[in-house]
Amino acid sequence: MMVTPVADESLAVQVATSDVDTGTTLYKLRATDKLASAAIQEGRQRSATFASLVEIVERSDTLVYVVSVHKLPHDMVGCLVHEGQGSGVRYLKVLVLMGMRSERMIVVLAHELQHVREVLDAGISNSQSAMGELFSRIGVPQLGTVTGEQFETKSAHEVMALVARELRTHRRVRQP
Ligand SMILES: [Zn+2]
């Protein structure tokens, strides 16, 4: 069968459409800057695990803001903070350190999104003290961990390994 110019055109249109699709608007997970936004979009495209964590947030009743920051205390590269106490609006904030390679940033983001999932699963996203209690219960107190957090969960580490493996399997096809 001959490939007609029309077929080429429709192919071009398809590519353009899929580009739009991969940039599907997120309603609950909100990047506050370009760096965070790029990491989220690339993570969704290249890692099924990352994409499923994003889906969990999207299906929840909690807003999760992702902010890239210049500096974090205690040598952390990412952390989850609770915001909006008493405002009636549930929201969590994930902070990720700038200046990491994009793949590292995606892995760290996945780690924090797993913590978001743990908070959502426990149904306590509207309370800072309950969040503290949760992680002291399900987490292991640590210093000098990969993210430098006070408490660490086994699942968050498993997610990091999984996403890192998926990123190696699904190489970036084009520069963002
Ligand atoms: Zn952690």
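Quick caveat, the model's predicted, so the values are computed rather than measured.

Visitor: Any chance you could explain helix α5 (residues 128-138) here in plain terms?
Guide: Listing the buried residues of α5 in full gives Met131, Leu134 and Phe135. What you see down the axis of α5 is that its buried residues fit within an arc of 90°, all on one side. Along α5, the residues that are exposed and aim more than 90 degrees away from the buried face are Ser129, Ser136 and Arg137.

Visitor: For this particular structure, what's the right way to read the pairing of strand β2 (residues 63-69)?
Guide: Side chains on a regular strand alternate between the two faces of the sheet. Of the two faces of β2, only one is covered, namely that formed by Val64, Val66 and Ser68; the face formed by Leu63, Tyr65, Val67 and Val69 stays uncovered. Across three bridges, the pairing between strand β1 (residues 29-31) and β2 is parallel. Among the inter-strand pairings, Ala31 is bridged to a residue of β2, identified as Val66. In this structure, β2 lies alongside strand β4 (residues 91-97), joined through seven bridges in parallel fashion. Bridged to Leu63 within β4 is Tyr91.

Visitor: What is the right way to look at the nonpolar core in this model?
Guide: Across soluble globular proteins, nonpolar side chains have a tendency to be buried as a group. Core analysis: the biggest nonpolar cluster contains 35 residues, and Val66, Ile106, Leu109 and Ala110 have the highest contact counts within it. Ranked by residues supplied to this core, first place goes to helix α4 (residues 102-122) with nine residues. Filtering out sequence-adjacent residues up to four positions away, Leu109 remains in contact with Ala39, Ile40, Gly43, Val66, Gly78, Val94 and Val96.

Visitor: Just checking my understanding: could you explain the packing of helix α3 (residues 48-58) against helix α6 (residues 154-169) for this structure?
Guide: A pair of packed helices is captured by two measures, namely the crossing angle of their axes and the spacing between those axes. Direction vectors running N to C along α3 and α6 enclose 125°, while the axes themselves pass 8 Å from each other. Between α3 and α6, the angle falls in the class oblique. Across the interface between the two elements, Ala48, Thr49 and Phe50 of α3 pack against Val159, Leu162, Val163 and Glu166 of α6. By residue class, the composition of the contact of α3 with α6 is five nonpolar, one polar and one charged.

Calculation notes
Residues numbered from 1 in each chain as written. Predicted model: local features only at pLDDT ≥ 70, side-chain atom pairs only at ≥ 80, totals over all residues. Buried ≥ 20, exposed ≤ 12 C-beta atoms within 10 Å, placed from the backbone. Helix = DSSP H or I, 4+ residues; strand = E, 2+ residues; numbered from the N terminus. Arc of directions from axis to C-beta. Pairing = 2+ DSSP bridges. Core = buried A, V, L, I, M, F, W, Y, C linked by C-beta atoms within 7 Å. Contact = placed C-beta atoms within 7 Å. Axes fitted to C-alpha atoms, helices over the stretch in contact; angles between N-to-C directions. Parallel < 35°, antiparallel > 145°, perpendicular 65-115°, else oblique. Nonpolar A, V, L, I, M, F, W, Y, C, P; charged D, E, K, R; others polar.

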